[in-house]
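Take a look at the letters that make up each chain.
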Amino acid sequence: MKSVAVMGSTGSIGCQTLDLVRQDPGTLKVTVLAAHSNIERLLKQVQEFHPLVVGVYDEVAAKELRSHVDASVAVVTGEELVDAVTAAEIVINGVMGFAGIRITERALRAGLRLGLANKESLIAAGDLVLALLSMGGELIPVDSEHSAIFQAMGLSRQVPAGFARLVITASGGPFRQLSAQALRTVTIEDALAHPTWSMGPKISVDSSTLFNKGLEVIEAHYLFGVEYDAISVVVHPESLVHSMVEFTDGSTLAQLSMPDMRLPISLALYSPLRSDLAHGALDWSRPMTLSFEEVDRTRFPGLGLAYAAGKLGGGAPCWMNAANEVAVAAFLNSRIGWLQIYEVVARTMESYEVGSPMSIDEVVELDRQARVVATEVVQVLASA
């Protein structure tokens, strides 16, 4: 039996991880649950899965939680929450945004298997995260696109012989067919209405701007050691092909399935084996259409901004990611318009000073500085 820490247990990735545990209780055992502040959902999870440790990021929520759980369950917060991952063999990092970086660091320092759905860890600190793998830990991507590449490479992050390039697919988001003029008036509700996936607000907005694909390009660069010129992005509205690996002889290997995050999560739990339970299996007896088109970088400039930050390297991806998180939060709070998300990121990048953080602490400080700059940019745009 494998013990599992589910970090971000009340979010989409966390809940789907627990569904997999629920279906295979003889193989998987939850020992750690951690959430931000959704006490009601977390308590239900504690009652069902009986973990040894429960973590809550919010101090007030932690006090409330202690009054509801059995004394045999340790309730932790702060640094203790990060250290809680060591009570498991497999860590699923489904924490949203930059906050997940400490979970990634602690899991790899402890030599654990890390199922990484928190792409910001690699984007903000890619070189540092990869260096931590020397401590004996294992990193398995959980994002559907990177899991697809991982599978096409034979459940490996090592580039195979004859490799030519990676092709990352994008659904195109809810605004794929909107004109530049129409994009000027899109609303928060419009941005959250993703045509394929059911995701949280931040990720849904990233999908609408295509910043998510830019972040995934940077993540793929670090995960598979591939240069940016060998990573392409294409729009695939059906979201059945989750990404591809192209070879020098013209062959292309693709991973196909229905949109179901339980499939990539299961690989993080079972690899190098596969689950006996199918998730996302296609019905090949029914007609289906697979279409592909080029990304319009004029209407969706986030992809270009991400490529530029990735190629600049050092702390640039961290700076860009922080700016995007601030911009998306401002949009969701109705302080700026949708198109101004790009403007916040572009203006914030103008203030970036080239350098390479040498520790996770330095990455955290760089992130803080970028947020200060981005917040100032938001204030200027909001008051205009």
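Residues numbered from 1 in each chain as written. Predicted model: local features only at pLDDT ≥ 70, side-chain atom pairs only at ≥ 80, totals over all residues. Heavy atoms only, no water.

With that settled, consider the overall build of the chain. Summing up its helical and strand segments, the chain has 15 helices and twelve strands in all. Relative to the globule expectation of 21 Å for 384 residues, the C-alpha radius of gyration of the chain, 20 Å, shows essentially globular dimensions. When the backbone C-alpha atoms are referred to their principal axes, the chain occupies close to 60 × 55 × 40 Å. Expressed as a percentage of its 384 residues, the buried residues of the chain come to 56%. Partitioning the contacts of the chain with sequence separation of at least 6, the portion at a separation of at least 24 is 68%. As displayed, the chain has an accessible area near 16,100 Å², and 51% of this comes from carbon and sulfur atoms. For the chain, the separation between the mean place of its 28 positive charges and that of its 43 negative charges on side chains is 2 Å. (Helix = DSSP H or I, 4+ residues; strand = E, 2+ residues; numbered from the N terminus. Rg over C-alpha atoms; globule rule 2.2 N^0.38 Å. Buried < 20%, exposed > 50% of the residue type's maximum accessible area, 1.4 Å probe, protein only. Contact = heavy atoms within 4.5 Å. Areas by Shrake-Rupley, 256 points an atom, 1.4 Å probe, with all protein chains shown as cover. Lys, Arg positive; Asp, Glu negative; His and termini not counted. Charge placed at Lys NZ, Arg CZ, Asp CG, Glu CD.)

Attention shifts here to the pairing of strand β9 (residues 231–235). With five of five residues buried, β9 is to be regarded as a mostly interior element. Every second residue of β9 is oriented toward a common face, with Ile231, Val233 and Val235 on one face and Ser232 and Val234 on the other, all of them buried. In this structure, strand β8 (residues 163–170) lies alongside β9, joined through five bridges in parallel fashion. Looking at β9, one finds that isoleucine 168 is bridged to valine 233. (Pairing = 2+ DSSP bridges.)

Looking now at helix α5 (residues 101–109). Of the residues making up α5, those classed as buried are Ile101, Ile103, Thr104, Glu105, Ala107 and Leu108. Directly after α5, the chain includes glycine 111, whose backbone phi takes a positive value near 75°.

Next up on the list: the packing of aromatic side chains. For the structure shown, the criterion picks out six aromatic pairs. Summarising the aromatic geometry, the rings of phenylalanine 300 and tryptophan 338 are spaced 6.3 Å apart at their centres and angled 85° between planes, so their arrangement reads as edge-to-face. Here the residue phenylalanine 300 occupies a position in the loop between β12 (293–294) and α12 (302–312), and tryptophan 338 occupies one in the loop between α13 (316–332) and α14 (340–349), the gap between them amounting to 38 residues. Judged by relative accessible area, tryptophan 338 falls into the buried class, the value being 2%. Ring geometry for tryptophan 319 versus tyrosine 352: centroids 5.7 Å apart, planes at 55°, classification tilted. Of the two residues, tryptophan 319 is situated in helix α13 and tyrosine 352 in the loop between α14 and α15 (360–383); the sequence distance between them amounts to 33 residues. (Phe/Tyr/Trp six-rings, centres within 6.5 Å; stacked < 30°, edge-to-face > 60°.)

Taken across its seven residues, strand β10 (residues 241–247) has six buried, putting it largely inside the fold. Pairing geometry for β8 and β10, over five bridges, is antiparallel. Within β10, the position partnered with valine 167 by the bridge is methionine 244. In textbook terms, the turn of a hairpin is the stretch between consecutive antiparallel strands, and for β10 and strand β11 (residues 252–256) this stretch comprises four residues, one of which, glycine 250, has a positive phi near 95°.

This brings us to the nonpolar core. Of all hydrophobic cores here, the largest spans 127 residues; its most connected members are Met7, Leu166 and Trp338. At eleven residues, the largest contribution of residues to this core is made by α13. When neighbours within four sequence positions are excluded, methionine 7 is seen to be in contact with Val32, Ala34, Leu81, Val85, Val91, Ile92, Asn93, Gly94, Val95 and Ile103. (Core = buried A, V, L, I, M, F, W, Y, C linked by side-chain atoms within 4.5 Å.)

This next bit is on the sheet that holds strand β4 (residues 74–76). Either a parallel or an antiparallel arrangement is found when strands of a sheet pair, and the pairing is made through backbone hydrogen bonds. In space, the seven strands of this open sheet follow the order β4-β3-β2-β1-β5-β6-β7, with parallel pairing throughout. Each edge of the open sheet is held by one strand with a lone partner, namely β4 and β7 (138–141). The sheet shows a mean angle of 20° between the axes of neighbouring strands, taken without regard to direction. Sheet topology note: the strand β2 (residues 28–35)/strand β3 (residues 53–56) ladder contains four bridges and is parallel. Across the sheet, alanine 34 pairs through a bridge with glycine 55, a residue of β3. (Axes fitted to C-alpha atoms, helices over the stretch in contact; angles between N-to-C directions.)

This paragraph deals with the pattern of salt bridges. Scanning the model with the defined rule gives 22 salt bridges in all. Between arginine 22 and aspartate 19 there is a salt bridge, with the nearest N and O atoms lying 3.2 Å from each other. Of this pair, arginine 22 and aspartate 19 are both found in helix α1 (residues 12–23), three residues apart, which corresponds to roughly one turn of the helix. Given a relative accessible area of 18%, aspartate 19 falls into the buried group. Across the pair aspartate 83 and arginine 106 runs a salt bridge, and its minimum N-O distance is 2.8 Å. Separated by 23 residues along the polypeptide, aspartate 83 in helix α4 (residues 79–83) and arginine 106 in helix α5 bring together distant segments of the chain. Exposure remark for aspartate 83: the relative accessible area of 36% places this residue in the partly exposed category. (Salt bridge = Lys/Arg side-chain N within 4 Å of Asp/Glu carboxyl O.)

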